[in-house]
Protein chains: 2
Amino acid sequence: MDSAVRFLWEHDFRDLTIGELMGDTPLSRPAFYQYFKDLHGLIEALLSEVGAVMHQTAHPWINGEGEPIAALRESLKGVVQTCVHHGPVFRAVSEAAPLDERLEQTWSEFMGLWDDQVESRIKAQQREGLISKSLPARRIANALNSLDATLLIAEFGRRPQGDPKAVLDTLHHVWVATLYSQPPRKLRTSN
Amino acid sequence: MDSAVRFLWEHDFRDLTIGELMGDTPLSRPAFYQYFKDLHGLIEALLSEVGAVMHQTAHPWINGEGEPIAALRESLKGVVQTCVHHGPVFRAVSEAAPLDERLEQTWSEFMGLWDDQVESRIKAQQREGLISKSLPARRIANALNSLDATLLIAEFGRRPQGDPKAVLDTLHHVWVATLYSQPPRKLRTSN
DNA sequence: TACCATAATGACACGATGTCAGTACCTTCA
DNA sequence: TGAAGGTACTGACATCGTGTCATTATGGTA
């Protein structure tokens, strides 16, 4: 299982085979099935380990602690950091999910949990008048979370990894603009 | 090849097998290799058909025709519409890409093309003073395009499809806010 | 030492892939 | 008409990864 993580840092998920994996251990291939149902079972286990870590790091904004825009930056920073450390695992999950009914379910529950949390934060701040009440909280939450997942996996899911600072800035800008900015008036074109 | 599209509307990509596919045709399994290198080759062919259509539909904003915010909505509408019609194909591409070096390349070139176009539109409008010059054009373009892809595939990649109007509104809001809105002042919390 | 549960293995059957040598078919031209 | 030659197609095969046996080691317990 450590061996799997090691593998994913070096190779793509598509090259991950049970035989190859167990070659790195003193055990034989069938021994694998002692511990996991199949490859997807392994990935599922990896997700539940690393996924928990990630949720911790996002507390500030999720729980509405302090000034929202700064708190949001803190939360995003934590999420980025988690991906810097465990990017390949998330990448493997997202790539393996479409191949397995069960894993797909698990992955979508994981993302759904984020949607739940972000949605309820948005609704809370709509009540406080910080966010426009005309935003469809659930859809926006889902969009922003999907964006995070896609971008983070693309940037940190394999070596060489992207620049954490730049990615954080980008995500933060999109989140803040989407949630907290006033709609602009119509724009004049220069045609 | 029509048969493949038909299949993808009904089943998941993971269940698509060459044998199954050719069962729908009067031909035998090996005949498949007459036309495509392998499954991924087929998917690649599907993408280049449908991808071209999609680029057409995004012209207004990409080419800076008319008032930007309205043009952007037109372009996004076209893209949404394409996905309503061909969603499962894009889904198959995105799911198959991680499994094949070549296809992954093709897919990332396809997305890169969008990034190029959006980036240069952003830069043009930065010169016109419509968009803040402090935005990193390339990164923002990439983020917004990634968002589109993820959301559209999730909403229209399989039956039952989502609500095109609602998805369009969501995307449009995020794009407009990200590109055209002024950053808000610091927010007071109600703690 | 005898016993049992658990861990681990070698050998197997299966399913999907991709290839190849061979056959059917169809056009062209004498 | 009928031989030649190219193309479309096929049956059979080798390969590879998977998942499951029946069986054997191993380590703790009385």
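Right, let's walk through the structure included here. Since we're looking at a predicted model, the values are computed, not measured. (Residues numbered from 1 in each chain as written. Chains lettered and ligands numbered in written order. Predicted model: local features only at pLDDT ≥ 70, side-chain atom pairs only at ≥ 80, totals over all residues. Heavy atoms only, no water.)

What follows covers the packing of helix α4 (residues 39-57) of chain B against helix α7 (residues 101-127) of chain B. Residues and elements named next belong to chain B. α7 packs onto α4 with a crossing angle of 10° between their chain directions and a minimal axis gap of 9 Å. The angle between the axes of α4 and α7 places the two elements in the roughly parallel class. Handedness of the crossing formed by α4 with α7: left-handed. The residues of α7 that touch α4, namely those facing His-40, Ile-43, Glu-44, Leu-47, Gly-51, Met-54 and His-55, are Arg-102, Leu-103, Thr-106, Trp-107, Phe-110, Leu-113, Trp-114 and Gln-117. Here the residues of the contact of α4 with α7 sort into eight nonpolar, five polar and two charged. (Axes fitted to C-alpha atoms, helices over the stretch in contact; angles between N-to-C directions. Helix = DSSP H or I, 4+ residues; strand = E, 2+ residues; numbered from the N terminus. Parallel < 35°, antiparallel > 145°, perpendicular 65-115°, else oblique. Left-handed = near helix turned anticlockwise from the far one by under 90°. Contact = heavy atoms within 4.5 Å. Nonpolar A, V, L, I, M, F, W, Y, C, P; charged D, E, K, R; others polar.)

Our focus in this paragraph is the packing of aromatic side chains. Across all of its chains, the model carries 10 aromatic pairs over all chains by this definition. With 6.3 Å between their ring centres and 35° between their planes, A:Phe90 and A:Phe110 make a pair best called tilted. Taken together, the residues span a long stretch of sequence, with A:Phe90 in helix α6 (residues 68-96) and A:Phe110 in helix α7 (residues 101-127) at a distance of 20 residues. Note on accessibility: A:Phe90 and A:Phe110 belong to one class, buried. Considering the side-chain rings of B:Phe32 and B:Tyr33, the 5.5 Å spacing of their centres and the 85° angle between planes classify their relative orientation as edge-to-face. Taking the relative accessible area as the measure of exposure, B:Phe32 reaches 3% and is therefore buried. One aromatic cluster is present, formed by A:Phe32, A:Tyr33 and A:Phe36 through successive ring pairs. (Phe/Tyr/Trp six-rings, centres within 6.5 Å; stacked < 30°, edge-to-face > 60°. Buried < 20%, exposed > 50% of the residue type's maximum accessible area, 1.4 Å probe, protein only.)

As a further point, take the relation of the copies chain A and chain B. For the pair chain A and chain B, the superposition axis carries a translation of 0.0 Å, the fit reaches an RMSD of 0.0 Å, and the rotation angle comes to 180°. Both copies of the chain, as the preceding transformation shows, are related through a two-fold rotation axis. Here 98% of the interface residues in chain A have copies in chain B that are interface residues too; the copies meet face to matching face. (Least-squares fit on C-alpha atoms with pLDDT ≥ 70 in both.)

None of the figures reported here should be taken as evidence of function without further support.
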